[in-house]
Structure formats: C-alpha cells, structure tokens
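Read off the chains here:
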Amino acid sequence: MSFARTFLIYFTIAFMIVLPVHAKDVVLKEPPKSLDQFYPPHSKQPKWTQQMHKLSNHFGGVFINLKEKDFENVDKHADKLVEEYKKTSEMVPEWEEYFDLKAAEAFAAAAKTHDMKKAGKASGDLGKTCGKCHAEHQISVWTKYHWPSFHKIKVTDPSSEKEVEFDKFMKQISGSFKSMRVNFGEGQYDRAAKALKAFKSEYMELKSTCSKCHTNDDVKRFYVGGDAETAFQGLAKELNAEKPDPGNFWKNVGLVGKTGCKNCHLTHRTYSKIKEIWEEK
Amino acid sequence: MNLFTRLLNLLIALGCFAIAGIALAYFFINEKFEWIPEPILELAREKDLLEKPEAKRCADCHKDIYDAWKKSRHSISWTSKTYIEASENRTKEKCLACHIPESVKGEKPSPRLDRRDEGIYCVSCHFVDGKMNGPYDLVAPPHPTYRNPEYVRSGFCGSCHQKTFKEWKATKEEDTCQDCHMPRTQARLTQKFGLNLLHKKKGVGNHRFLHGEISEKDILMEASFQDNYFNISLLNKTVPHGVPTADNGDPRLYLYFTFYNSEGEEVDRAKEILAPQQDTALPFNKKVNFRYRLFDPINRVSVVLKYQPAWSKEKELVWEKTVQP
C-alpha cells in the first residue's frame, strides 16, 4: 500500500470516529444480545469488526480511486459499499435505525459522477450514520467483546495451593496487606514480619496471572516488577532490623500501594467493573 | 528344453529383472535422486498431500512418526483442558498464533482458520511454499520435499518457545532443543509397504517431543546452618534453560521445608515457589540461595522438591532430603 493510500484510509477512519458528540454524560449501554453471534466464542472470527473493515475499505476506496482517477474502481467500491452497508444493517435488528440506506445510495450516485466535490459532499450524511453509532456503542463493544474477564481467572493461593477466584484473592491480599500495617503500627514487629511473608508471596502470585491475558512479558515491569521488588526488600529490611524505622516502612508501604495496587487498578478495574455489571444476571 | 525349464528360466530372468529394477530404483532413490526426471516424479505425486490434510493422512506412510506425535503435547495444544481454561474458552485471539499455527518459519507464526483440533500438526511444522520442508536432502515420490537446515536448530522451536529459546541462547550451550527433546534413532521415515524397502534408514527425531525428566543429578542442593540461620542453595546443573521453563504456561517447582526440634516435633515450615512466571525459576548453572531465620533450636530439616507441569494440577516428587546441623 502506498503511503498516500494508507494515510487516506486512516484519515477517513479517524474522521468518522472523532465526529463530535455534544452531550457530556457518558452512557454505556450493554450491546444487544444479537451482536453475540458475530463475536467469539459464538463465531470463530470477530465478524462485526471485519464487516466494519469492509465498510471502511470501500468508503475509503471511493476517494482513493477518485484521486487516482481510476473510475472503474470508484464505481466498484461505491456499489460494494452500498451492498455491504445494506448487509450490515440487517445483522443486528436492534441497530437497524442507525443505518440510512438512502444516504448510502445517494453517496454511491454522487461518487459515480466521478466528481470529487459532489462525492465529498454526499459522504457527510453517510459518515454521520457511522459516527453516531460509534459514539454510542464502540466503547461498550470493546468492553464486552475485546476485554478478557477477570472473573474467569483463577489464582493459586500460595499457602493452601488451591485455586481461588480473582476477586476473592484480591480481598485476601488486601487483608494480608492490612495485617502487616496494623501489626507494625502496634509495634508487633514479629507478627508484621510474618504478615509480610504471606503478603509478598500472594503479591508475587499475581505475576502468574499476567500471561493469561498478555503474551508479552514486558508488561511485568509494571505493578509487579522492579518497583514492587524494591519496596518489598525495603519492607523486609525494616522488619528484620533491631530497631525498625517507621519513616522507611511507611514510605515502602506507599510505594506498593501506589505503583502496585493503585496503578494496576487504574488500568484494569474500570473495564472489569463494567463487565461485572453486565455479567450479573 | 521342456516347457517346465523354459518357464523356470523365464521366471528367473523376470526375477533378475525385478531385482535389478528394485536395486536400480533403490540406487536412484537413495543416491542419485536428482537424476530422476521431474515428469516421472509427477506421476507418483499424491496431490491432496499439498492441500494441508489432517495428520492422519501423513500417517498413511509416516505411521511411527504420527504415533509419536499423537502422544505429544503438540497434538493437544488446542484441546488441552488447561489451555481452554486459561484462554477463556479459546476466545483470546492473542493466544492462537502458537497454539494453532498456520506455518512455522522461525518467527511467531500466524494463526490458522481450519482444522484447529489438530493443534500443532505435521502441516504446521513441515509445509512451507508447496513443499515438505525437513532436515534431509532426499526424494519422496508422493510429495515434493525441501532440505532446510533450520529443522535441526533451536531457532525453529524458538518460533514459539520464545522465552525458553532466549534462556537457552544465553547459556551458549551447544546441545539444541532437538538433541534433548527429539533424540534421533536410525529408522525408516515411512512404514508403508514398498516405500519402506526403497528408502534407506535415516536418523528419525522422536516426535513425542520428550518432556524431560529431572532428578537429583540435575538439581543439586547444598545446605548449612549458621548462627540463627538455615542456608540452602539449589543449582540447575544440566538443563540449559530455566527449570522450569515456559512461555505462557505456569509450570512450577515447589520447595518445602519442615523444621523439627530434638524431640522430633515440628516447629516451623516454609515454602518457595520456583516458577518462570514469577521470575523465580532456576537458571542454568547458577546457584540460587535461600535463607531462613530459626526461632527455635533445630535438630533436623526435611527438604522436599516437587514439580508441577504447566498442564497439570498434580505434583510429582523430584527428590526428598534431610539435613542436620
């Protein structure tokens, strides 16, 4: 693909996705059930996404060929766009009214005059139909069909060696973390040291979950990587010292809490939360 | 000459011709196959072999290799229960590339759409550019072949075993993955009657892709008591990659300690998880140290090492030792 072509395609995509939305409230509606059939596990391929690529290729194809004055292909893409647009409008009954077949046909007719200006003008009405649906549904679709679910992930509890649900494990880890802090606050350093051991082995167990979703080990530099390791070493040093230094202890507690728990929650929990609501029956 | 002797002579002559013919064929097939004209080979070709058939079809001739492969983890990379669980019922697209590869070519493969239940099968590993790629320069009448030296190099396995390959490379050891996991024996590549006589024996790599065993010869232990501490070190002496090693699986070694006093009563316990996913696997030829504070006087420590493969929830005993001060 030439640079100009690639650029044009991305430009059209960006144009359509960034169409302005005026309301400031964000509403995430659960995607209609009938969309399920176009995504794994119900279909092998994410068919809806593929259908979108077709629309976008034919839409972009019209303009690229107009520019190249390859009119035979302009006509082909215009016809295909109408055909695929119509096909898409029949895929999800709940979404039928987002489509405007007349706008698609009008755009095709304008494109076939081979006049760039006319085609550009007619594309606006069609483009709006794409933009409206994207504004209202794209994020929900990402969340529902592209985000894997933490609720299906099991973690091995390092102490009992039994598998537990992810959210149960989070509660457990949160408990060990607290137990260490509370004991330290009370000056019970031996108990705090014991709690640290349990807490650390539980925390490191989280490292075994990343590869259930990520295929690149580099992500482990975050949340469970060097920063966490340093903080745990700092905690251990204080708890094994003759006279622990509270300043250092709390600094390291903060480090685990911030670069570990908090940051991981910020990247992963939003989606998990939304999915949880939709998965509740 | 009577009829009988005539017939006998004729038969002997025919027999000689046949033997000469077979010998000639044997000679050409094994020694001078580049002399066999392409049109003659075309006659022997079985076209469907180039249409990515299931593994069972290759078994028509390569029966022994098929039987070994069938017992390997590669044949169940898509149907494995633990994989299905970890990949959220196989819906995670990121996971497809190595578990149902289209074609292996020294880099991360792309996933295929058909015959997914075959997992990593013959066609994935051998069918490239319309030919059966393999380690040998040979002639196979039923299908075209191509000698590709990568087949005996670790990089081939590294297409998917990327992390293990990196670990192996860093050790600079010479033994390849195939040397240990596909050891060769002299045998026939095919078992189909006729073919097996015409092609001479060669080294055949074990397609069971051996899952290496480990014992106290591989993982050495040293231990000592010092002041209030118990020190222990483990050394992976023989395996030129982490033990355990993994890409997306989660195999583990569990190291258990039980501390006893002079009355034989248990006074404390400890445990370590040695897992590649947690960056705690035992690297090749490098000691790993552990240290435990002793709160009570200790008379004996029992040390147990257990192994849990990526695809199992059961642990196997590797060794068990007792240490005394």
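What counts and what doesn't
- Residues numbered from 1 in each chain as written.
- Chains lettered and ligands numbered in written order.
- Predicted model: local features only at pLDDT ≥ 70, side-chain atom pairs only at ≥ 80, totals over all residues.
- Heavy atoms only, no water.
- Helix = DSSP H or I, 4+ residues; strand = E, 2+ residues; numbered from the N terminus.
- Contact = heavy atoms within 4.5 Å.
- Areas by Shrake-Rupley, 256 points an atom, 1.4 Å probe, with all protein chains shown as cover.
- Core = buried A, V, L, I, M, F, W, Y, C linked by side-chain atoms within 4.5 Å.
- Buried < 20%, exposed > 50% of the residue type's maximum accessible area, 1.4 Å probe, protein only.
- pLDDT = per-residue confidence, 0-100.
- Buried area = accessible area lost by both parts, 1.4 Å probe.
- Polar contact = N/O pair within 3.5 Å; in protein donor to acceptor, adjacent residues only side chain to side chain.
- Nonpolar A, V, L, I, M, F, W, Y, C, P; charged D, E, K, R; others polar.
- Phe/Tyr/Trp six-rings, centres within 6.5 Å; stacked < 30°, edge-to-face > 60°.
- Pairing = 2+ DSSP bridges.
- Axes fitted to C-alpha atoms, helices over the stretch in contact; angles between N-to-C directions.
- Domains from an automatic or database assignment.
- Salt bridge = Lys/Arg side-chain N within 4 Å of Asp/Glu carboxyl O.

Draft legend 1. Expanded view of the overall build of chain A. Scanning chain A from N- to C-terminus turns up ten helices and two strands. Ordering the α and β elements of chain A from the N terminus gives α-α-α-α-α-β-β-α-α-α-α-α. Expressed as lengths along the three principal axes of its C-alpha atoms, the size of chain A is roughly 85 × 40 × 35 Å. Nonlocal contacts in chain A, meaning residues at least 24 apart in sequence, comprise 66% of its contacts between residues at least 6 apart. In the structure as shown, chain A presents an accessible area of about 16400 Å², 58% of it carried by carbon and sulfur atoms.

Draft legend 2. Just the nonpolar core, in detail. All names here are of chain A. By size, the foremost hydrophobic cluster in this structure holds 29 residues, and its most contacted members are Leu35, Trp48, Trp95 and Phe107. Those elements that place two or more of their residues in this core are α2 (47–68), α3 (71–89), α4 (101–112) and α5 (116–146). Look past the residues within four positions of Trp48 in its chain and what remains in contact with it is Leu35, Phe38, Tyr39, Thr88, Met91, Val92, Trp95 and Phe99. Judged by nonpolar contacts, the second largest core, of 27 residues, contains Phe169, Ala192, Leu235 and Phe249.

Draft legend 3. The confidence of the model for chain B, seen in detail. The predicted model of chain B has a mean per-residue pLDDT of 91, with 96% of residues at 70 or higher. Note on the complex model: pTM 0.88, ipTM 0.77.

Draft legend 4. Representation of the interface of chain A and chain B within the structure. Between chain A and chain B, the residue contacts involve 27 residues of the former and 24 residues of the latter. For the chain A and chain B pair, buried surface summed over both sides reaches about 2300 Å², with 39% attributable to carbon and sulfur atoms. On the surface where chain A and chain B come into contact, there are 18 residue pairs in polar contact (both at pLDDT 80 or more). Listed by contribution, the elements that provide at least two residues to the side of chain A that touches chain B are α7 (189–205) and α8 (207–210) of chain A. Top element by residues in the side of chain A that touches chain B is α7 of chain A. It accounts for four residues. Of the residues contributing to the side of chain A that touches chain B, the split by class is seven nonpolar, nine polar and eleven charged.

Draft legend 5. Quick peek at the packing of aromatic side chains. Residues and elements named next belong to chain A. Tallied over the full model, the rule gives 28 aromatic pairs over all chains. Ring centres of Tyr85 and Phe99 lie 5.1 Å apart, and the angle between their planes is 70°; on these two criteria the pair is classed as edge-to-face. With Tyr85 in helix α3 and Phe99 in the loop between α3 and α4, the pair connects residues that are 14 residues apart, well separated along the chain. Between the aromatic rings of Trp147 and Tyr271, the centroid separation amounts to 4.5 Å while the plane-to-plane angle is 5°, which identifies the pairing as stacked. Of this pair, Trp147 sits in the loop between α5 and β1 (154–156) while Tyr271 sits in helix α10 (residues 246–279), and the two are 124 residues apart along the sequence. Owing to a relative accessible area of 27%, Tyr271 belongs among the partly exposed residues under this scheme.

Draft legend 6. Expanded view of the sheet that holds strand β9 (residues 266–274) of chain B. Residue and element names in this part refer to chain B. If you trace the four strands from one edge of the open sheet to the other, you get β9-β8-β11-β12, paired in antiparallel fashion. Because the sheet does not close on itself, it has two edges, and the strands there are β9 and β12 (316–323). Strand after strand, the sheet turns through a mean of 15° between neighbouring axes, direction not considered. Sheet topology places strand β8 (residues 252–260) next to strand β11 (residues 300–308); nine bridges connect them, and they run antiparallel. Residue Leu253 lies in a different strand from β11, and its bridge partner there is Tyr307.

Draft legend 7. Region of interest: the domain arrangement of chain B. Residues and elements named next belong to chain B. Domain boundaries assigned for chain B yield domain 1 (1–36), domain 2 (39–205) and domain 3 (219–323). Contact with domain 1, which involves eight residues of that partner, is made by ten residues of domain 2. Roughly 800 Å² of surface becomes buried between domain 1 and domain 2 when both sides are summed, with 69% attributable to carbon and sulfur atoms. Of all residues in domain 1, the largest losses of buried area upon contact with domain 2 belong to Tyr26, Ile29 and Phe33, amounting jointly to 59% of the total for that side. Along the contact surface separating domain 1 from domain 2 lie zero salt bridges. Counting across the interface, domain 1 meets domain 2 through zero residue pairs in polar contact (both at pLDDT 80 or more). By residue class, the composition of the side of domain 1 that touches domain 2 is six nonpolar, one polar and one charged.

Draft legend 8. Expanded view of the pattern of salt bridges. What the rule picks out here adds up to 29 salt bridges over all chains. Residue Arg57 of chain B pairs with Asp60 of chain B through a salt bridge whose shortest N-O separation is 2.8 Å. Asp60 of chain B gets classed as partly exposed once you look at its relative accessible area, which sits at 43%. As a salt-bridge pair, Glu222 of chain B and Lys287 of chain B come within 3.2 Å of each other at their nearest N and O atoms. One end of the pair, Glu222 of chain B, is in strand β6 (residues 219–226); the other, Lys287 of chain B, is in the loop between β9 and β10 (288–293), with 65 residues separating them in the sequence. Accessibility expressed as a relative area gives 45% for Lys287 of chain B, which makes it partly exposed. Through salt bridges with shared partners, a single network forms among Glu30, Lys33, Asp36 and Lys144 of chain A.

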